[in-house]
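Results of the structural survey
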Amino acid sequence: MPSNPKISVITLGCSKNSVDSERLMNQLNLNKFDLTENPDEADSIVINTCGFIDSAKEESVNTILSAVELKKKGKLKKIIVAGCLSERYMEDLKKEIPEVDSYFGTEAYEEIVNAFGGDLKYELIGERHLTTPKHFTYLKISEGCDNPCSFCAIPLMRGLHKSKPMDQLIQETELLAAKGVKEINIIGQDTTDYGKESGKRNLAELLTKISIIDGIEWIRLLYAYPSHFPEDLIDEIAGNPKVCKYVDIPLQHISDNILKSMRRGITKRRTIELLNKLRERIPDITLRTTFIVGYPNEGEKEFAELCEFVKDIKFDRIGVFNYSLEENTPIYILGDPVLPEVKGERKAVLMNIQKEISQSKNESLIGRKMKVIIDSLDGNFFIGRTEKDAPEVDGEILIKNDNIKMRIGNFYDVEIYDCNEYDLFGKIVNSK
Ligand code: SF4
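Bear in mind the structure is a predicted one, so any value in this text is a computation, not a measurement.

Reading the values: the criteria
- Residues numbered from 1 in each chain as written.
- Predicted model: local features only at pLDDT ≥ 70, side-chain atom pairs only at ≥ 80, totals over all residues.
- Heavy atoms only, no water.
- Helix = DSSP H or I, 4+ residues; strand = E, 2+ residues; numbered from the N terminus.
- Rg over C-alpha atoms; globule rule 2.2 N^0.38 Å.
- Buried < 20%, exposed > 50% of the residue type's maximum accessible area, 1.4 Å probe, protein only.
- Contact = heavy atoms within 4.5 Å.
- Lys, Arg positive; Asp, Glu negative; His and termini not counted.
- Charge placed at Lys NZ, Arg CZ, Asp CG, Glu CD.
- Core = buried A, V, L, I, M, F, W, Y, C linked by side-chain atoms within 4.5 Å.
- Domains from an automatic or database assignment.
- Buried area = accessible area lost by both parts, 1.4 Å probe.
- Salt bridge = Lys/Arg side-chain N within 4 Å of Asp/Glu carboxyl O.
- Polar contact = N/O pair within 3.5 Å; in protein donor to acceptor, adjacent residues only side chain to side chain.
- Near = heavy atom within 4 Å.
- Nonpolar A, V, L, I, M, F, W, Y, C, P; charged D, E, K, R; others polar.
- Axes fitted to C-alpha atoms, helices over the stretch in contact; angles between N-to-C directions.
- Parallel < 35°, antiparallel > 145°, perpendicular 65-115°, else oblique.
- Left-handed = near helix turned anticlockwise from the far one by under 90°.
- Pairing = 2+ DSSP bridges.
- Expected span 1.5 Å × (residues − 1).
- Arc of directions from axis to C-beta.

Considering the overall build of the protein chain
- A count of helical and extended segments in the protein chain gives twelve helices and 18 strands.
- A globule of 432 residues ought to have a C-alpha radius of gyration of about 22 Å, and the protein chain, at 22 Å, matches this closely.
- Viewed in the frame of its principal axes, the protein chain has a C-alpha envelope of about 60 × 55 × 45 Å.
- The buried share of the protein chain, taken over its 432 residues, is 55%.
- Taking contacts inside the protein chain between residues at least 6 apart in sequence as the whole, the part at least 24 apart equals 73%.
- Placing the 59 positive and 71 negative side-chain charges of the protein chain at their respective mean positions leaves the two points 2 Å apart.

And the structure:
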């Protein structure tokens, strides 16, 4: 092992994995190890894998195999694999890809730092080496999940729900704000379960406390769960100017017999009641959701019901996943009867319905002045987002760079003058 390894941490999967990698990278920094974002420059690689669904597992395995090829060519001295795929399939991976030096599970910071000959700095575990542009990031408020969704393997990899202590999260956010972070995206497997260990879910209290931290301008709620959405959280989102009028609430489906089979703990009627309540109590709210198509007992009737629902509710943003058969999940016994091409067709149909909805919603914003944060400059355009756009998954706003002085990470008032189905075009009104 080189005395001072040059380490590259490769992160696959979701924003929760990114937060884990950032914690690890900070610990490697504290141990004076060299970090590089470019794997080609590294002599050691840590691959933080994803094991969620087939396509993600495939990407993880391919990334491991590419690293093994580099090692065979003598370009790499050490390969460490960690994260969800490794947590779930460690024994199989050890047998099938023995060229990897060490396999660890999720949140294995100490083991990985020790593997490089370093020591974990416990007192600084909340600190992170940011990998997002420094004005926005994610705050992972809990680990694991208590929900029994029949198709989901995440509890097998991340365990049961565990809220992070509130004082730790406030300290972490203060450190992030001191680094220039202005936008916090709240994440977890089920963020609405936050604090349940205390006998009362208290995400609203956490949002209040984060919102008074200097420098924090936007707080956005992702991964809310529909069946136990706290009332006080609705009031907090509606009443706190720093909390974005935005809720990401994966619904997965709407047909009652599928929701029952998915063990989502909610019905179509109660889902619609919740969405109506959110829209009534939080004016101009942006609703994002995700659906699964091709679930084992999804027939044409159930799929048609889902399409009607999407047409009726008119979500602002949707994501659609093809059902992925996952071992050891409760519904595995039903197999995967819906053909891949049928799943593909259903995904395309749903996304086309949404495309029209998104186009008309964007058109309704033309002429409006909106607060925008600038993420980047791409050629002739500054790329930004409004409160209605979560980073990396939603639309963007493009502002022509007519020699205007704009700074990445700053807020500006922008007037919308055009759009396409997903993005907006705006011109600066004044800087904030
Ligand atoms: S809420 Fe359901 S789908 Fe989401 S992580 Fe938990 S078990 Fe999986």
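Next comes the rest of the description.
Notes on the nonpolar core
- Ranked by size, the top nonpolar core spans 50 residues in total, and within it Ile186, Leu203, Phe229, Phe291, Phe309, Phe315 and Leu350 carry the most contacts.
- Looking at which element gives the most residues to this core, the answer is helix 11 (residues 300-313), with six residues.
- In this view, Phe309 contacts Leu251, Ile254, Thr271, Ile272, Leu275, Phe291 and Phe315; residues no more than four positions away in its chain are not counted.
- With 20 residues, the next largest nonpolar core counts Ile10, Ile47, Val81 and Leu93 among its residues.

Points about the domain arrangement of the protein chain
- Along its sequence, the protein chain is organised into domain 1 (6-124), domain 2 (136-363) and domain 3 (369-431).
- One C-alpha centre belongs to domain 2, the other to domain 3, and the line joining them spans 25 Å.
- Facing 24 residues of domain 2, the contacting portion of domain 3 comprises 23 residues.
- Of the roughly 2000 Å² buried where domain 2 meets domain 3, counting both sides, 48% is carbon and sulfur surface.
- Counting across the interface, domain 2 meets domain 3 through six salt bridges.
- Of the charged contacts in the structure, one is a salt bridge between Asp389 and Arg317, with a shortest N-O distance of 2.7 Å.
- Inspection of the region where domain 2 meets domain 3 yields 20 residue pairs in polar contact (both at pLDDT 80 or more).
- If you list the elements that add at least two residues to the side of domain 2 that touches domain 3, you get strand 6 (136-140), strand 9 (183-187), strand 10 (218-221), strand 11 (243-248), strand 12 (286-293) and helix 12 (340-363).

Quick word on the site of the ligand
- Taken together, Cys145, Asn147, Cys149, Phe151, Cys152, Ile154, Pro155, Gln189, Tyr225 and Arg264 make up the full set of residues adjacent to the ligand.
- Partitioning the shell around the ligand into residue classes produces seven nonpolar, two polar and one charged.

Overview of the packing of helix 11 against helix 12
- Taken N-terminus to C-terminus, the directions of helix 11 and helix 12 make an angle of 15°; their axes are 10 Å apart at the nearest point. By the angle between their directions, the pair helix 11 and helix 12 is classed as roughly parallel. Classified by chirality, the crossing of helix 12 by helix 11 is right-handed. Here Glu300, Phe303, Leu306, Cys307, Val310 and Lys311 of helix 11 lie close against helix 12, whose contacting residues are Arg346, Val349, Leu350, Ile353, Gln354 and Ile357.
- Split by residue class, the contact of helix 11 with helix 12 holds eight nonpolar, one polar and three charged.

A few points about the sheet that holds strand 11
- The sheet built from six strands is open, its strands ordered 6-9-10-11-12-13 with parallel pairing. Edge positions in the sheet fall to strand 6 and strand 13 (317-322), since each has one partner strand and no second. Between one strand axis and the next, the sheet turns by 20° as a mean value, whatever way the strands run.
- Where strand 9 meets strand 10, four bridges bridge the pair, whose relative direction is parallel. When the bridges of strand 10 are listed, Ile186 appears paired with Leu221.
- Where helix 7 (residues 203-211) meets the sheet, it contacts strand 6, strand 9, strand 10 and strand 11, and its direction lies at approximately 160° from that of strand 10.

Regarding helix 6 (residues 166-178)
- For helix 6, which comprises 13 residues, the first-to-last C-alpha distance of 18 Å matches the rise-based estimate of 18 Å (1.5 Å per residue) to within 8%.
- Turning to helix 6, its buried residues are Met166, Leu169, Ile170, Glu172, Thr173, Leu176 and Ala177. Around the axis of helix 6, the buried residues are gathered within 160° of arc, so they sit on the same side. Turned more than 90 degrees away from the buried face of helix 6 sit Asp167 and Ala178, all of them exposed.
- Directly after helix 6, the chain includes Gly180, whose backbone phi takes a positive value near 105°.

A few points about the environment of Gln27
- Within the fold, Gln27 resides in helix 1 (residues 15-30).
- Separated by 39 residues in sequence, Gln27 and Ser66 have C-alpha atoms that sit 26 Å apart.
- In this structure Gln27 touches Val113, Asp119, Leu120, Lys121, Leu124 and Ile125, once residues within four positions along its chain are discounted.
- A polar atom in the side chain of Gln27 sits 2.7 Å from the backbone nitrogen of Lys121.

Side note on the sheet that holds strand 5 (residues 102-103)
- As summarised here, the arrangement of the five strands in space is 2-1-3-4-5, forming an open sheet in which the pairing is parallel. Single-partner strands in this sheet number two, and they are strand 2 (34-35) and strand 5.
- When strand 1 (residues 6-11) meets strand 3 (residues 44-49), the two strands line up parallel, connected through five bridges. Considered in strand 3, the bridge of Ile7 is made with Ser44.
- Its contacts with the sheet place helix 1 against strand 1, strand 2 and strand 3, and it is angled at close to 170° to strand 1.
- Across the sheet, helix 3 (residues 84-96) is in contact with strand 3, strand 4 (78-83) and strand 5; its angle to strand 4 comes to roughly 125°.

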